[in-house]
Amino acid sequence: MPRIRPVSDLRNNFANISRIVHETSEPVFLTKNGYGDMVVMSMEAYERHQFKSEVYFKLKEAELEAKTTDKRHSHKELFNELRSKLSDKVEPVDV
């Protein structure tokens, strides 16, 4: 169930709203004159949301590409390419 509070609570009960968003990892929806105005969430919840959005976007992109091309990659090809890219980025450590 979404938590909905008047925007004035942000000023009058900031500590309580901060506690709620951190303890529940859920956003608090703020209203102004009875209408939705803004959403408050913890940085951790925001970062998770951003990561999920990026992952879903990339998956959608991959689905669209798969529909428009017949080119496919085997498991072995894919992982060999990934390993190669990773080994190029790893810098040797001096001991």
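Above this text you will find the structure in question.
Residues numbered from 1 in each chain as written. Predicted model: local features only at pLDDT ≥ 70, side-chain atom pairs only at ≥ 80, totals over all residues. Heavy atoms only, no water.

## Some thoughts on the overall build of the protein
Phase 1: A tally of helices and strands in the protein yields 4 helices and 3 strands.
Phase 2: When its helices and strands are written in sequence order, the protein yields β-α-α-β-β-α-α.
Phase 3: In terms of overall dimensions, the protein is more spread out than a globule: its C-alpha atoms have a radius of gyration of 22 Å, far above the 12 Å expected for 95 residues.
Phase 4: On the principal axes, the C-alpha backbone points of the protein span a range of 55 × 50 × 20 Å.
Phase 5: With 95 residues in all, the protein has 12% of them scored as buried.
Phase 6: Within the protein, counting contacts between residues at least 6 apart in sequence, those at least 24 apart form 30% of the total.
Phase 7: In the form shown here, the protein has an accessible surface area of approximately 8,600 Å², with 57% of it arising from carbon and sulfur atoms.
Phase 8: Across the protein, the mean location of the 16 positive side-chain charges is 5 Å away from that of the 16 negative side-chain charges. (Helix = DSSP H or I, 4+ residues; strand = E, 2+ residues; numbered from the N terminus. Rg over C-alpha atoms; globule rule 2.2 N^0.38 Å. Buried < 20%, exposed > 50% of the residue type's maximum accessible area, 1.4 Å probe, protein only. Contact = heavy atoms within 4.5 Å. Areas by Shrake-Rupley, 256 points an atom, 1.4 Å probe, with all protein chains shown as cover. Lys, Arg positive; Asp, Glu negative; His and termini not counted. Charge placed at Lys NZ, Arg CZ, Asp CG, Glu CD.)

## Some words on the sheet that holds strand β1 (residues 3-6)
Phase 1: Taken together, the 3 strands give an open sheet; going across it, the order is β1-β2-β3, and neighbouring strands pair in mixed fashion. Each edge of the open sheet is held by one strand with a lone partner, namely β1 and β3 (35-40). Going across the sheet, the axis of each strand differs from the next one's by a mean of 35°, ignoring polarity.
Phase 2: One ladder, built from 5 bridges, connects strand β2 (residues 28-32) with β3; its direction is antiparallel. (Pairing = 2+ DSSP bridges. Axes fitted to C-alpha atoms, helices over the stretch in contact; angles between N-to-C directions.)

## Here's the deal with the environment of A45
Phase 1: With respect to the helices and strands, A45 occurs in helix α3 (residues 43-68).
Phase 2: Each C-alpha atom of the pair A45 and P27 lies 8.0 Å from the other, and the pair is 18 residues apart in sequence.

## Points about a nonpolar patch on the surface
Phase 1: A cluster of nonpolar residues, F51, V55, Y56 and L59, forms a patch on the protein surface that exposes about 440 Å² of accessible area.
Phase 2: Residue classification places V55 among the partly exposed residues on the basis of a relative accessible area of 32%. (Patch = residues over 30% accessible without salt bridge, like charges linked within 9 Å, V, L, I, M, F, W, Y side chains within 5 Å. Salt bridge = Lys/Arg side-chain N within 4 Å of Asp/Glu carboxyl O.)

Just distances and angles here, no functional claims.
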